[in-house]
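Observations on the model geometry
Listed below, chain by chain, are the residues.
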Amino acid sequence: MRVTPRRAPNAHARGVTLGEGRETDLGRRKAFKDSGSTILVLSNGKNTEKQYLGALKRERWGQPFHISFKNYAPLALVDHGISEKINSGYDHVWCVCDVDNFNVADALKKADVCGVRIALSEPCFEVWLILHKVDWRRSFQNAKEAERELKKILPKWDKANLKMEDFRADIEVAAHRAKKLGEPPNNNPSSSMWQLVEFLKLVDEKNVN
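Residues numbered from 1 in each chain as written. Predicted model: local features only at pLDDT ≥ 70, side-chain atom pairs only at ≥ 80, totals over all residues. Heavy atoms only, no water.

All right, on to unusual backbone geometry then. With omega at 5 degrees, the peptide bond leading from proline 184 into proline 185 counts as cis. Its place among the elements puts proline 185 in the loop between helix H8 (171–181) and strand S5 (190–191). Cis geometry is adopted by the peptide bond preceding proline 189, which originates at asparagine 188 and carries an omega value of 0 degrees. In this fold, proline 189 is placed in the loop between H8 and S5. Its identity as a non-glycine residue notwithstanding, aspartate 100 has a phi of 45 degrees, on the positive side. (Helix = DSSP H or I, 4+ residues; strand = E, 2+ residues; numbered from the N terminus.)

Strand order across the open sheet formed by 5 strands is S2-S1-S3-S4-S5, with mixed pairing between neighbours. Where the open sheet ends on each side, the last strands, each with one partner, are strand S2 (66–69) and S5. Bridge count for strand S1 (residues 39–43) against strand S3 (residues 92–98) is 5 bridges, and the pairing is parallel. Each bridged residue has a counterpart across the sheet, and for isoleucine 39 the counterpart in S3 is histidine 92. Sheet strands in contact with helix H4 (residues 74–88) are S1, S3 and strand S4 (117–122), and its direction is about 165 degrees off that of S3. (Pairing = 2+ DSSP bridges. Contact = heavy atoms within 4.5 Å. Axes fitted to C-alpha atoms, helices over the stretch in contact; angles between N-to-C directions.)

Scanning the model with the defined rule gives 3 aromatic pairs in all. Here tyrosine 52 and phenylalanine 125 contribute two aromatic rings whose centre-to-centre distance is 5.5 Å and whose plane-to-plane angle is 75 degrees, an arrangement assigned as edge-to-face. In this pair, tyrosine 52 is assigned in helix H3 (residues 48–58) and phenylalanine 125 in the loop between S4 and helix H6 (126–133), connecting sequence segments 73 residues apart. For the pair tyrosine 52 and phenylalanine 125, a shared accessibility class is recorded, and that class is buried. With a centroid separation of 5.3 Å and an interplanar angle of 55 degrees, the aromatic rings of tryptophan 94 and phenylalanine 199 are classed as tilted. Here tryptophan 94, found in strand S3, pairs with phenylalanine 199, found in helix H9 (residues 193–202); they are 105 residues apart in sequence, far enough to count as distant. Per residue, the accessibility class of tryptophan 94 equals that of phenylalanine 199, and both read buried. (Phe/Tyr/Trp six-rings, centres within 6.5 Å; stacked < 30°, edge-to-face > 60°. Buried < 20%, exposed > 50% of the residue type's maximum accessible area, 1.4 Å probe, protein only.)

Everything listed here is a matter of geometry and, on its own, says nothing about what the molecule does.
Below, the structure is given as structure tokens:
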């Protein structure tokens, strides 16, 4: 049976205090509503992913969106995303996470049933960054190997201090390359981050569920 989350009443009317990592500017929240869609992007990557997404947000990459970091495994991150969609009334929720050593099958299945999207990278988010610079096809043994390769390609790259100017001009190139690699977790390397960046650009132009 397909589960359809119910849209919750507006958080302002309930007097809800927004959670960790969430924008708390209520005027900003209203502006999101006025634009037609509210979008939450959850990440379990406290360094690279969080910095990259934050840079997209600051540079007004397409639609405005909220970002929240949670140190959860993929399935728990999806569960949190479902809860946010139901209780906070978000129109769209995305979870950004790595395959790494996780079995992500249950997370993918639950997300699909409950209307949450996942931007997954195999084995890790650094694959998505590599694709900004190189049309990479060779598989990685693990996340550490991908990080080492990114460091070779971009010697000044620092996991704890990502500089968006190293990647900003190549986002669409990375998306084109990622599409050719297939879908994670079945293909190594691969990343479905291209789906998220295209969604953020096109959400107002078409009805995306």
